[in-house]
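Results of the structural survey
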Amino acid sequence: MKTTTRLLLIACLAAPVLVACNKTEDKAAAVAEAPIAAPTTNDSAAWDSYLTEVVKRNIEGATSVYLYTLPDPAGPDFQGEYDRQLEKAQTDVARGGTDGTLLAYGSQNSAKSADLAVASFTGAEAGTMKGVRVMFIGAPADSERVKAAVEPSGAKYQFIEAK
């Protein structure tokens, strides 16, 4: 009888603590999901941080992530950086994909990011990217052409509006 009484007493004392812990977790989850706003300037560092945060929030199921970003198009070496990113993206796509791979494209200039994504999938063979998710972070006006370039490869397409 003493044991039962002690167990009931412990359970009664522990219940408020457990309930309080759950409330803290709920608040933390609500804070973690607060919307993130896209930078209003062409600052490359701000955009890189924004894109990284968007990818982190949508990373579910990904075991490896490749994020292709571009600098400010008005910058001094934009074309060189674009060419290097395109070469890397084309190499990654040509290699084919494995389950759990996430390829994400985005920058402050949605049209240029869309150009990069479309160009990187130009040589992709049908069905070689099954199990891969391609995320495009940009403007809705650019989404359809990226989707059209990605889908023949067998990859799952995901669009996230930069706003």
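A few points on the structure. This one's a predicted model, so the numbers in the text were calculated from it and none came from an experiment. (Residues numbered from 1 in each chain as written. Predicted model: local features only at pLDDT ≥ 70, side-chain atom pairs only at ≥ 80, totals over all residues. Heavy atoms only, no water.)

Description of the side chain of Gln108
On the secondary structure map, Gln108 appears in the loop between β2 (101-106) and α4 (110-120). Looking at Gln108, the relative accessible area reads 13%, which means it is buried. At a separation of 3.0 Å, a polar atom in the side chain of Gln108 contacts the main-chain carbonyl oxygen of Asn42. Setting aside its immediate chain neighbours within four residues, Gln108 contacts Asn42, Ser44, Trp47, Leu70, Pro71, Asp72 and Pro73. (Helix = DSSP H or I, 4+ residues; strand = E, 2+ residues; numbered from the N terminus. Buried < 20%, exposed > 50% of the residue type's maximum accessible area, 1.4 Å probe, protein only. Polar contact = N/O pair within 3.5 Å; in protein donor to acceptor, adjacent residues only side chain to side chain. Contact = heavy atoms within 4.5 Å.)

Remarks on the sheet that holds strand β1 (residues 64-69)
Taken together, the 4 strands give an open sheet; going across it, the order is β1-β2-β3-β4, and neighbouring strands pair in parallel fashion. Lying at the two open borders of the sheet, with one neighbouring strand each, are β1 and β4 (156-161). Here the average twist between neighbouring strands, direction ignored, is 15 degrees. Pairing of strand β3 (residues 133-138) with β4, which is carried by 6 bridges, proceeds in the parallel orientation. When the sheet's bridge partners are listed, Ile137 is paired in β4 with Ile160. Helix α3 (residues 78-94) rests against β1 and β2 of the sheet, and its axis sits at about 150 degrees to β1. Running over the sheet, helix α5 (residues 140-150) touches β3 and β4 and is turned about 170 degrees from β4. (Pairing = 2+ DSSP bridges. Axes fitted to C-alpha atoms, helices over the stretch in contact; angles between N-to-C directions.)

A word on the nonpolar core
A general tendency of soluble globular proteins is for nonpolar side chains to be buried together. Of all hydrophobic cores here, the largest spans 23 residues; its most connected members are Leu103, Tyr105, Phe121 and Val134. When residues in this core are grouped by element, the largest group, 5 residues, is from α3. Those residues within four positions of Val134 in sequence are excluded, and the remaining contacts are Leu103, Tyr105, Phe121, Val150, Ala155, Lys156, Tyr157 and Gln158. Membership of the second largest hydrophobic core comes to 11 residues, among which are Trp47, Val54, Met135 and Ile160. (Core = buried A, V, L, I, M, F, W, Y, C linked by side-chain atoms within 4.5 Å.)

Brief notes about helix α2 (residues 44-57)
Between the first and last C-alpha of α2 there are 20 Å, a value that for 14 residues agrees with the 20 Å anticipated at 1.5 Å per step. Turning to α2, its buried residues are Trp47, Tyr50, Leu51, Val54 and Val55. Across the axial projection of α2, the buried residues extend over an arc of 135 degrees, all falling on one side. Of the surrounding secondary structure, the elements contacted by the buried residues of α2 are β1, β2, β3 and β4. (Expected span 1.5 Å × (residues − 1). Arc of directions from axis to C-beta.)

Considering α5
Within the span of α5, buried status applies to Asp142, Ser143, Val146, Ala149 and Val150. When α5 is viewed along its axis, its buried side chains cluster within an angular range of 130 degrees and face the same direction. More than 90 degrees from the buried face of α5, the exposed residues found are Ala141, Glu144 and Ala148.

Details of the pattern of salt bridges
Side-chain pairs of opposite charge can arise where the charged atoms are in close proximity. Considering all chains together, one arrives at 8 salt bridges under this definition. Asp92 serves as the salt-bridge partner of Lys88, at 3.0 Å between the closest nitrogen and oxygen. Remark: Asp92 and Lys88 occur in helix α3; sequence separation between them is 4 residues, near one turn of the helix. Here Lys88 falls in the partly exposed class, since its relative accessible area comes to 37%. With a shortest N-O distance of 3.7 Å, Arg145 and Asp142 are connected by a salt bridge. In this pair, Arg145 and Asp142 both sit in helix α5, 3 residues apart, roughly one turn of the helix. Within this structure, Asp77, Glu81 and Arg84 form a network of salt bridges that share partners. (Salt bridge = Lys/Arg side-chain N within 4 Å of Asp/Glu carboxyl O.)

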